[in-house]
Amino acid sequence: MTSPRLQQFIPLLAVFGAVTALGIGTSWAKQLFPLLGAQGVSALRVGFSAVLLLLLWRPWRWELSRADALSIARYGAALGAMNLMFYMSLRTLPFGLAVAIEFSGPLAVALFYSRRAVDFVWVALALLGLGMLLPLGINSSPLDPGGVLYALAAAVLWAMYIIFGKRIGHLHAGHSVSLGLTVAALVVVPVGVVYAGAALLSPQVLLIGVGVAAISSAIPISLEMMALKRLPKEAFGIMISMEPAVAAVLAIGLLDEHLSHGQWLAIGCIVAASMGSALTARQGAQAPESVAT
């Protein structure tokens, strides 16, 4: 393989690596729920992620206007609440299904920014997938209603996070993400401390927390930032759409979470809708990209 061809595959591998690392880190984090609860685990992940990215990017090197600071505060608050709601959903939902439901947030944003006739196809596919997962009384879905509500709340917050993120798109990504995660930590860590208390201070727990933060946040963010510089937005959107499917596959091996044929079909519909939306998005009228957190 020639060097130019290899360079074409590097950003694609980076996105796949980001999605895989995010899934591995979250699966690892879920195994801590019996000890710390979803609140404590979310505090560990977001808190240590903020510390790692602050050390990596040193955002104090850049100037920040008051308007940008307010935008970052909204962006970070949405990010923190999104992480907390998603982890709360994982208490009662399989990992892959929680991701699929949460994915309706960025998909809704993408469709709003790209309103073409073909987008009705992606809307129909997404609604079909969600209808097969949500306990609406029209199917035999065994999913916990509380967990579904938490996942839907995470979806709404993910959409807000993307919208707020667009307003600070002129800032360096390392600058905005590191400060945003710091704000997110200020939102999530107090909740985790109240719930988990002294259990968060165990040396073993702290060590695991650093590992979870690195695998599920620092590594995916770095890989996605690398890919975004080299991939067209459409290609990036298509690749990142694999996340629900990758999460479901990883959950089989790491969490022993097996899905029914209908649930796999639902995930397939949502992934297809997301990929289709990214593929047919109009140039110049696309939603802003999301970064794994």
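Residues numbered from 1 in each chain as written. Predicted model: local features only at pLDDT ≥ 70, side-chain atom pairs only at ≥ 80, totals over all residues. Heavy atoms only, no water.

Engineer: What is the right way to look at the overall build of the protein chain in this model?
Structural biologist: A count of helical and extended segments in the protein chain gives twelve helices and zero strands. When its helices and strands are written in sequence order, the protein chain yields α-α-α-α-α-α-α-α-α-α-α-α. Its C-alpha atoms give the protein chain a radius of gyration of 18 Å, within 12% of the compact-globule value 19 Å for 293 residues. Residue burial in the protein chain is summarised as follows: out of 293 residues, 53% are buried. Contacts in the protein chain between residues far apart in sequence, at least 24 positions, make up 87% of those at least 6 positions apart. Roughly 13,100 Å² of accessible area belongs to the protein chain as shown, and the carbon and sulfur atoms make up 70% of that amount. Between the mean site of the 16 positive side-chain charges and the mean site of the 11 negative ones, the protein chain shows a separation of 8 Å. (Helix = DSSP H or I, 4+ residues; strand = E, 2+ residues; numbered from the N terminus. Rg over C-alpha atoms; globule rule 2.2 N^0.38 Å. Buried < 20%, exposed > 50% of the residue type's maximum accessible area, 1.4 Å probe, protein only. Contact = heavy atoms within 4.5 Å. Areas by Shrake-Rupley, 256 points an atom, 1.4 Å probe, with all protein chains shown as cover. Lys, Arg positive; Asp, Glu negative; His and termini not counted. Charge placed at Lys NZ, Arg CZ, Asp CG, Glu CD.)

Engineer: I would appreciate a short explanation of the confidence of the model for the protein chain in the present structure.
Structural biologist: In regions of low pLDDT, the predicted coordinates are not meant to be interpreted in detail. The pLDDT averaged across the protein chain works out to 87; a share of 90% of its residues lies at or above 70. At the low end of the mean pLDDT range in the protein chain sits helix α10 (residues 233-240), at 78; at the high end sits helix α3 (residues 66-89), at 96. Scored below 50 in pLDDT, residues 283-287 shows ten contacts in the model against residues more than four places distant or in partner chains. (pLDDT = per-residue confidence, 0-100.)

Engineer: Could you clarify how one ought to interpret helix α9 (residues 203-228) in this entry?
Structural biologist: End to end, α9 covers 36 Å across 26 residues, agreeing with the expected 38 Å (1.5 Å per residue, within 8%). Along α9, the sharpest change in direction is near 40° and occurs at A214. (Expected span 1.5 Å × (residues − 1). Bend = angle between axes of the 7 residues up to and from the residue.)

Engineer: Sorry, what's going on with the packing of aromatic side chains here?
Structural biologist: Going through the model one piece at a time under the given rule, you end up with five aromatic pairs. Ring plane angle 50° and centroid distance 6.1 Å describe the contact between F33 and Y87, whose orientation is recorded as tilted. Highlighted residues: F33 in helix α2 (residues 33-57) and Y87 in helix α3, separated in sequence by 54 residues. Comparing F33 with Y87 shows no difference in burial state: the two are buried. Residues F86 and Y87 carry aromatic rings whose centres are separated by 6.2 Å and whose planes lie at 75° to one another, so their mutual orientation is edge-to-face. Overall, the relative accessible area of 7% leaves F86 in the buried class. (Phe/Tyr/Trp six-rings, centres within 6.5 Å; stacked < 30°, edge-to-face > 60°.)

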